[in-house]
Amino acid sequence: MFESKAGIFGIAGLGFFAFAFISNALVPIWMYKELPEQTVEEVVNARVLSSFGDLKQRYPEQFDKYFDAVDVDNCAEALRLGRQVYIGEGCWHCHSQFVRPVSNESRRFGPVSETWEYQNALQRPVMFGTRRVGPDLSREGGRRGSDWHAVHFFEPKIVSTDSPMPSYPWFFEGSPDKPNKRGLAMIIYIQWLGSWLDEYPYYEQLEADQEEL
Amino acid sequence: MSEGSSSPDFPQHDEIVNERLVRWYFYMALTFMLISMLGGLLMAAQLIHWNPLNGIEYLSAGRWRMVHTNAIAYGFLANSFLGVLHWVVPRLTLRPVLSNRLSYFIFFAWQFVVLSTAAGIIIGPSFQDQAWVAELSKSLNIAFSLGAQGLEWGETPFWIDPVAQLGLLLLAINFGSPIFQQKGPMYVTLWYFLAAFVWTFLTYGMGNFLPEYAVPGTSAGAIGGLFIHDLVGLFVTPLGWGMMYYFVPIILKRPIWSHGLSLVGFWGLAFFYPLQGIHHFLYTPIPMFLQYGAVISTIAVELVVMTVIINFIGTVWGATDIFKKNIPIRWFYAGMILYFVTCAQCALQVTMTFQKLIHFTDWVVGHAHLVMFGVFSMWIFGVMTYLFPRLLKREWYSNTLCEIHFWASFVGVIIMFLDLMFAGLFQGFYWASLQPWDVSVEVSQPFWVVRIFAGLTMFGGFLCFLYNLFMTMQSAESTETAPDLENKTAINYQVMDH
Ligand code: HEM
């Protein structure tokens, strides 16, 4: 059996794989079946809508060119596009989207991530990430103004000297005050991250911590 | 049995092995290694502010980092393994593959898959903002990405996934056919290959369809972890070890030391490897008991791996002089030593204690280079160094260049690994100490500078290899063939005769 074709094909090939799949994949699926996946429209909340409106005020010409009104449908479309750009540009190979309960991360980034935060269509596949060259972004929304992000994407070194983050001039039509569709979508996606929490985490907390240390 | 040289019952080598395909696969593999290394260098340069191409859309470091890893997995490793399979499987089963035409079809289909993956990753995101994309993704409720998909190693754009899946099925049938027709006991290599065909097919399907279309959130994370891990453990590792079980005894002209250990190694890997995926996402919201399970089976597999390494050390014991002259064997055993290091490192880093510190840091990147380059690429370079003279019927143009290739790769990857390991420790401590983020980036700079030079060393060695190969191809065919080129079928029996 241990050296036969049937044994290797059936037991090792199919059997052990199936065993691992059941125990490691089907068990969590079964455990979280009470938490159905939310659609993108369902995760558009009041805060992200107001950031969306803020984009319209800051960049009226650009905004009207690509999205007409500030409503849930348009915001959902922008979020979908923003997430795809985030993936396509490889941001997730430099930024994670989960705060671990260790290593003082909840003091640096905000509350520890929980399962329900990921049960939505904008986390399929989930953006946990595996490498942090830059900081975790799962509580980034609201931490900076949208204009800061625009300048930062255009050329990170302008606002963050010595940043190794690549620049993304193709999110803009020539200058940081003219984001294109991808640029607007990227900014709103970043502002969405963490907007579902009751409070924006207070990063000022961090400075108080540092004084204590 | 080894004396039964060229008995007329046995098919001759040329009747069953399609050497042209082996060559073609190796050339494509080397092309993608070149592309991948350039991508790695670009990203490395970006991190130390030396990237002159920053701001050019199609050369963006973020996109090229994904080309870097995908070109390695699907371009270099898969192509090399396919070449090796075309050499090894017919020789071990004494039968040709199912269909020569199918083989050519698979070759072209696979190059299409890899090239369109690269093209999709590089060009796709630029066209993401079109209206029809938004329409479709809204109405179908799927992430409709023209560029990379959001799963590590599964970045292959969605429209290529079905092609790749079909290719894997055809490949399993093409090579499975001689294996299933073969009578009598199977040699160890074929255990690994047969299992790898099943696993690769299943793993690819699991990772490229479920998390994208069916399963949301945290559970998809668990599946993504399984996928990342199984790709290394159930595709690369079994093909790699199968290859070693074939080439090492042939070159050493000795049987494998212990059949029992071969059995333990294979079945231990088969059982424990698939169970570890979640160790990539420790401290996530994935249920804790599953995380502990993954940690325990990871430590178990390290022990199993030791038996395989002991088996190979037993095989070479008493004949270690061969390392001095024989470059392929040196590649193999150097790779095995690094395999031991990788596994020892893994048994530590997988524990929750280490994870607190090193997760998300460069430590992990160092680990990835150690296993992907230091082990599997080194083995493949060894096989290529051994096979090219046979495929081209010429001696290597320069033995010195072969030596340089070995030493530059070996030293380069060790430096890269040590450097990134320490970088990871520093980053971990800086993050935990709540210093501003930029400080941890600044602290990493010297390590990143060392890394690019280590990478350039590896790259330089690789260029020597390419030049050597080119010059070898230009040289005249040599009439006198190396001794073990003659009795091609006899050699097979020597391997089986353990
Ligand atoms: C020319 C030499 C190379 C250089 C300069 C280089 C550089 C890099 C860089 C900068 C990264 C991204 C690390 C990060 O996100 O912080 C990376 C990732 C990676 N490289 Fe390379 N690389 C080289 C060769 C290779 C080779 C030959 C292989 C495989 C055989 C390889 C396999 C990988 C893998 C698997 C990752 C992903 C690591 C992870 O996500 O944890 N690299 N490399």
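Residues numbered from 1 in each chain as written. Chains lettered and ligands numbered in written order. Predicted model: local features only at pLDDT ≥ 70, side-chain atom pairs only at ≥ 80, totals over all residues. Heavy atoms only, no water.

All names here are of chain A. Omega for the bond connecting arginine 124 with proline 125 falls within 30 degrees of zero, at -5 degrees, which places this linkage in the cis form. Unlike most non-glycine residues, aspartate 162 shows phi in positive territory, near 70 degrees. Of note, aspartate 162 is situated in the loop between helix 7 (156–159) and helix 8 (181–192). We classify aspartate 162 as partly exposed; its relative accessible area is 49%. (Helix = DSSP H or I, 4+ residues; strand = E, 2+ residues; numbered from the N terminus. Buried < 20%, exposed > 50% of the residue type's maximum accessible area, 1.4 Å probe, protein only.)

Take the interface of chain A and chain B next. Accessible area lost on assembly of the parts is the figure often given for the size of an interface. Facing the 85 residues of chain A at the interface are 98 residues of chain B. Of the roughly 8000 Å² buried at the junction of chain A and chain B (both faces included), carbon and sulfur atoms supply 65%. Three residues, Lys5, Phe17 and Arg124 of chain A, lead the burial of chain A against chain B; their summed loss comes to 10% of the area buried on that side. Put simply, chain A and chain B have five salt bridges between them. Between lysine 138 of chain B and aspartate 73 of chain A there is a salt bridge, with its nearest N and O atoms 3.8 Å apart. Applying the counting criterion to the chain A and chain B interface returns 27 residue pairs in polar contact (both at pLDDT 80 or more). Counting only elements with at least two residues in the side of chain A that touches chain B, the list comes to helix 1 (5–31), helix 4 (72–88), helix 5 (105–108), helix 8 and helix 9 (204–212) of chain A. In terms of residue count, the dominant contributor to the side of chain A that touches chain B is helix 1 of chain A (20 residues). For the side of chain A that touches chain B, the residue count by class is 42 nonpolar, 23 polar and 20 charged. (Contact = heavy atoms within 4.5 Å. Buried area = accessible area lost by both parts, 1.4 Å probe. Salt bridge = Lys/Arg side-chain N within 4 Å of Asp/Glu carboxyl O. Polar contact = N/O pair within 3.5 Å; in protein donor to acceptor, adjacent residues only side chain to side chain. Nonpolar A, V, L, I, M, F, W, Y, C, P; charged D, E, K, R; others polar.)

Here we come to the domain arrangement of chain A. Domain assignment breaks chain A into domain 1 (1–31) and domain 2 (38–212). Computed from C-alpha atoms alone, the centre-to-centre distance between domain 1 of chain A and domain 2 of chain A is 40 Å. (Domains from an automatic or database assignment.)

All right, on to the coordination of the iron atom of the ligand then. All names here are of chain B. Bound to the iron atom of the ligand are the protein donor atoms His68 (NE2) and His369 (NE2), situated 1.9 to 2.0 Å from the metal. Around the iron atom of the ligand, the six donor atoms are arranged such that angles at the metal cover 84 to 179 degrees; this shape is classified as octahedral. Of this pair, histidine 68 sits in helix 3 (residues 61–93) while histidine 369 is found in helix 14 (residues 362–392), placing the two residues 301 residues apart along the sequence. (Donors = N, O, S within 2.8 Å, 3.2 Å for Na, K, Ca; no water. Tetrahedral: all angles 85-135°; square planar, octahedral: opposite > 155°, others 65-115°.)

Residues Trp241, Phe247, Phe312, Phe332, Met384 and Phe388 of chain B are the most contacted members of the largest nonpolar core, which totals 171 residues. Residue contributions to this core peak at 22 residues, all from helix 8 (residues 217–252) of chain B. Both domains that furnish three or more residues to this core are identified here as domain 1 (1–31) and domain 2 (38–212) of chain A. Setting aside anything within four residues of it in sequence, one finds phenylalanine 247 of chain B in contact with Val84, Trp87, Val88, Phe332, Val383, Tyr386 and Leu387 of chain B. Within the second largest apolar cluster, 48 residues are counted, among which are Met127, Ala150, Ile190 and Trp196 of chain A. (Core = buried A, V, L, I, M, F, W, Y, C linked by side-chain atoms within 4.5 Å.)

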